[in-house]
Amino acid sequence: MKIGILTSGGDCPGLNAVIRGAVLKGIAIHGHEFVGFLDGWRGVVEGDIIDIPRTMVRGIAKQGGTILGTSRTNPFENGGGPEVIKAHMDRLGIDAIIAIGGEGTLAAAKRLTDAGLKIVGVPKTVDNDLDATDYTFGFDTAVQIATEAIDRLRTTGESHHRCMIAEVMGRHVGWIALHAGMAAGAHAILIPEQKVSIDQITEWVKEAHARGRAPLVVVAEGFVPEHMETPHSERGLDTFGRPRLGGIADQLAPELEARTGIETRATILGHIQRGGVPSAFDRVLATRLGMAAIDSVVEGYWGTMVALKGTDIEHVGFQEALGQLKTVPQKRYDEAAVLFG
């Protein structure tokens, strides 16, 4: 069987480990042949591929990024669609596709599967917001990177007696902010799931400062303060029509400084959270998911993705994966809020 692999959407630590796991098991156990679609759905739509022999995946599990490249191409636009993609697959002799990506990628994969293409998915999102899997690879690495960066912000904040605001990723959910904020000992954690007033944030900052601490605030990019209706976005829309978020920390900093009289600085971590080598946890999880994706292909589980449930890898339908976002439960936020101020 000849299998095509693609990585789509935002890059993420662990992508190469998924590719390696799939290729090694596919070749060693089943004798499959592998090709890679370059730059995500763009390569699928244009039939742009490279061969992936076993030697190509040697040692790549510890590399960040993706050897196949990625993009945010919509496979149903710019001359795409199931008929075009099926024609490329027939011409190239590709029997099935393993799509590694997040919500947008898996939604596109579901539409293509419904149209008759043979596709299985591997969930990829640093935000950890897919409901059908307990954890996604890349999340642990992003939390580690964010925590280290926030630890560094804390020391400079304490030296200058400043309030420091760290903005981390989190479009719809606050898992990275929650975990990194708790790990770094933040005095306030602001996430999309919780509406918080500027007055409350100000109170937390003042309480920390009154105890002689340099206040530390961790905010997810998708956080919406109580006085706003939608997340802050000044960067337009992506190819799937979603706002490009970022900059809420820059809005909060002058407001908090004006209210508290404490010199306040904002730092947006941005893409640094996606870069670099994956953590050991993410390497292992990504490898297991890649190997499990081969099982999905062999068993013909089209229209499904592999998922971590507890410590086991299971197969779930795209519909279940896309049904709703995995948000931070109220009890988890309340748990963290005990430490605020």
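These numbers were taken from a predicted model, which means no experiment stands behind them.

### Quick look at the pattern of salt bridges
Consideration 1: Considering all chains together, one arrives at 15 salt bridges under this definition.
Consideration 2: Note that R162 is salt-bridged to E263, the shortest N-O span being 3.3 Å. One end of the pair, R162, is in the loop between helix 5 (139–160) and strand 6 (163–168); the other, E263, is in the loop between helix 8 (248–260) and strand 9 (264–268), with 101 residues separating them in the sequence.
Consideration 3: Across the pair E255 and R259 runs a salt bridge whose closest N-O atoms are separated by 2.7 Å. With E255 and R259 both in helix 8 and four residues apart, this pair spans about one turn of that helix.

### Remarks on the side chain of E167
Consideration 1: In this fold, E167 is placed in strand 6.
Consideration 2: Judged by its relative accessible area of 2%, E167 is buried.

### Comments concerning the packing of aromatic side chains
Consideration 1: The full count for this structure, using the stated rule, is four aromatic pairs.
Consideration 2: When the ring of Y135 is compared with that of F281, the centres are 6.2 Å apart and the planes differ by 80 degrees; the resulting orientation is edge-to-face. Separated by 146 residues along the polypeptide, Y135 in the loop between strand 5 (119–123) and helix 5 and F281 in helix 9 (residues 280–299) bring together distant segments of the chain.
Consideration 3: Centroid distance W204 to F340: 4.9 Å. Interplanar angle 75 degrees. Geometry classified as edge-to-face. Taken together, the positions of W204 in helix 7 (residues 198–210) and F340 in the segment after helix 11 (330–337) put the pair 136 residues apart, joining distant regions of the chain.
Consideration 4: Relative accessible area serves as the criterion here: at 13%, W204 is assigned to the buried category.
Consideration 5: The structure contains a cluster of three or more aromatic residues connected by ring pairs, namely Y135, F139 and F281.
Consideration 6: Above the plane of the ring of F76 lies R111, whose end atom (NZ or CZ) is 3.6 Å from the centre.
Consideration 7: Looking at K326, its charged tip hangs above the ring of Y135, at a distance of 6.0 Å from the centre.

### A look at the sheet that holds strand 9
Consideration 1: Within the open sheet, the four strands sit side by side as 7-8-6-9. Their pairing is parallel. Since the sheet does not close on itself, it has two edges, and those belong to strand 7 (188–190) and strand 9, each with one partner. Within this sheet the neighbouring strands show an average axis-to-axis angle of 15 degrees, counted without direction.
Consideration 2: Of the pairings in the sheet, the one linking strand 6 to strand 8 (residues 216–220) comprises five bridges and is parallel in character.

### Quick look at the domain arrangement of the chain
Consideration 1: One can read the domain layout of the chain as domain 1 (2–137 + 278–322) and domain 2 (139–275).
Consideration 2: Computed over C-alpha atoms only, the centres of domain 1 and domain 2 are separated by 32 Å.
Consideration 3: In this assembly, domain 1 packs against domain 2 so that about 1,600 Å² is buried in total across both faces, 53% of it on carbon and sulfur atoms.
Consideration 4: Of all residues in domain 1, the largest losses of buried area upon contact with domain 2 belong to R72, V126 and D127, amounting jointly to 37% of the total for that side.
Consideration 5: Remark: the boundary between domain 1 and domain 2 carries zero salt bridges.
Consideration 6: In this structure, the connection of domain 1 to domain 2 is made through five residue pairs in polar contact (both at pLDDT 80 or more).
Consideration 7: Taken together, the residues that form the side of domain 1 that touches domain 2 break down as seven nonpolar, seven polar and six charged.

### Points about helix 9
Consideration 1: Here helix 9 contains 20 residues, and its C-alpha end-to-end distance of 29 Å stays within 8% of the 28 Å for a straight helix at 1.5 Å per residue.
Consideration 2: Listing the buried residues of helix 9 in full gives D282, L285, A286, T287, L289, G290, A292, A293, I294, S296 and V297.
Consideration 3: Of the residues flanking the end of helix 9, it is G300, one or two places downstream, whose phi is positive at about 70 degrees.

### Quick word on the nonpolar core
Consideration 1: Membership of the largest hydrophobic core comes to 81 residues, with the highest contact counts inside it found for I5, I98, I100, V122, F137 and I165.
Consideration 2: Looking at this core, you find at least three residues from each of domain 1 (2–137 + 278–322) and domain 2 (139–275).
Consideration 3: The contact partners of V122, leaving out residues within four places of it in the chain, are V18, I98, A99, I100, G101, L106, F137, L289, A293 and V306.

### Observations regarding the UniProt feature "active site" (unreviewed entry) in the chain
Consideration 1: Look at the UniProt record and you will see "active site" (unreviewed entry) annotated at D127.
Consideration 2: Checked against the element boundaries, D127 lands in the loop between strand 5 and helix 5.
Consideration 3: In this view, D127 contacts F139, M169, G170, R171, V173, W175 and I176; residues no more than four positions away in its chain are not counted.

### Overview of helix 5
Consideration 1: The end-to-end C-alpha distance of helix 5 is 31 Å, a good match for the 32 Å that 22 residues give at a rise of 1.5 Å each.
Consideration 2: Among all positions of helix 5, only F139, T141, A142, V143, A146, T147, A149, I150, L153, R154 and G157 are buried.
Consideration 3: Of the surrounding secondary structure, the elements contacted by the buried residues of helix 5 are strand 6, helix 6 (175–184), strand 8, strand 9 and helix 9.

### Examining the pairing of strand 1 (residues 2–7)
Consideration 1: Burial runs high along strand 1: six of the six residues are buried.
Consideration 2: Of the two faces of strand 1, the one holding K2, G4 and L6 and the one holding I3, I5 and T7 are both buried throughout.
Consideration 3: Between the parallel pair strand 1 and strand 2 (residues 33–37), the chain is carried across by helix 1 (residues 15–30), and the sense of this crossover is right-handed.
Consideration 4: Pairing of strand 1 with strand 4 (residues 96–101) involves five bridges; the strand directions are parallel.

Basis of the calculations
Residues numbered from 1 in each chain as written. Predicted model: local features only at pLDDT ≥ 70, side-chain atom pairs only at ≥ 80, totals over all residues. Heavy atoms only, no water. Salt bridge = Lys/Arg side-chain N within 4 Å of Asp/Glu carboxyl O. Helix = DSSP H or I, 4+ residues; strand = E, 2+ residues; numbered from the N terminus. Buried < 20%, exposed > 50% of the residue type's maximum accessible area, 1.4 Å probe, protein only. Phe/Tyr/Trp six-rings, centres within 6.5 Å; stacked < 30°, edge-to-face > 60°. Lys NZ or Arg CZ within 6 Å of the ring centre and 35° of its normal. Pairing = 2+ DSSP bridges. Axes fitted to C-alpha atoms, helices over the stretch in contact; angles between N-to-C directions. Domains from an automatic or database assignment. Buried area = accessible area lost by both parts, 1.4 Å probe. Polar contact = N/O pair within 3.5 Å; in protein donor to acceptor, adjacent residues only side chain to side chain. Nonpolar A, V, L, I, M, F, W, Y, C, P; charged D, E, K, R; others polar. Expected span 1.5 Å × (residues − 1). Core = buried A, V, L, I, M, F, W, Y, C linked by side-chain atoms within 4.5 Å. Contact = heavy atoms within 4.5 Å. UniProt positions renumbered as here; feature names shortened; annotations may be inferred. Right-handed = clockwise from strand over helix to strand, strands pointing away.

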